[in-house]
Amino acid sequence: TASNTNEKIFNLDLFTAFNNYMLLLDHVKPVTDQVVARFQTGTSASSFADANNDYENVSSYSYNNLSSVGDTYDNSSVAIIQATNVSSDSGLGLTGTCFLHRPLDSSLHTNATYNITYVTHLSYTIALSGAGTRLALSDDAYLRFKFSSGNIDSGTITLYGIKDA
């Protein structure tokens, strides 16, 4: 559970039996309105890739009744997964699933895929699907979730490990 904290950090080194990971977001809501939600990878609990050009991502999104559909591409992103203009209204937040592929294998680029639903500060319901890549090869043993400003107000982020069959 994430409540009144600046960030949520996951140490994947504690779960080395797994090759891939799924994160389940359940109404993760910011304290501050109109913020960007970000997942970033790191090599330690105090060293995260959070600069421009650390990631590349592509996403597709649709609003309320599918009247507005768009695609975005960012080859100089600061996060492997991000959602923009998230509302802090009561009862809302980020809900969905994110997959992190082989983050502990330093011979491969860490990749992520995601499907997230949330409401913006303008009360638009967003369906966001996308993928992100860490541009440097590294042992990404840590994953951090945070908003661009303010704390996480409430919600749950559950980490599941996935093993090769």
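See the structure shown above.
Residues numbered from 1 in each chain as written. Predicted model: local features only at pLDDT ≥ 70, side-chain atom pairs only at ≥ 80, totals over all residues. Heavy atoms only, no water.

Chemist: Please set out the pattern of salt bridges residue by residue, giving values where relevant.
Modeler: A complete count under the given rule lists 5 salt bridges for this structure. R134 is the salt-bridge partner of D54, the closest N and O atoms lying 3.9 Å from each other. Taken as a pair, D54 in the loop between β4 (47–48) and β5 (55–63) and R134 in strand β10 (residues 125–134) lie far apart in primary sequence, 80 residues in all. For the residue pair D54 and R134, the accessibility class agrees, reading buried in each case. Residues participating in the shared-partner salt-bridge network are E7, D50 and R144. (Salt bridge = Lys/Arg side-chain N within 4 Å of Asp/Glu carboxyl O. Helix = DSSP H or I, 4+ residues; strand = E, 2+ residues; numbered from the N terminus. Buried < 20%, exposed > 50% of the residue type's maximum accessible area, 1.4 Å probe, protein only.)

Chemist: Break down the nonpolar core for me, citing the residues and quoting the values.
Modeler: Within the largest apolar cluster, 30 residues are counted, with the highest numbers of intra-cluster contacts made by F39, L94, F145 and F147. Setting aside residues up to four positions removed in sequence, L94 forms contacts with L25, D26, H27, V28, A37, A83, V86, I116, T117, Y118, F145 and F147. (Core = buried A, V, L, I, M, F, W, Y, C linked by side-chain atoms within 4.5 Å. Contact = heavy atoms within 4.5 Å.)

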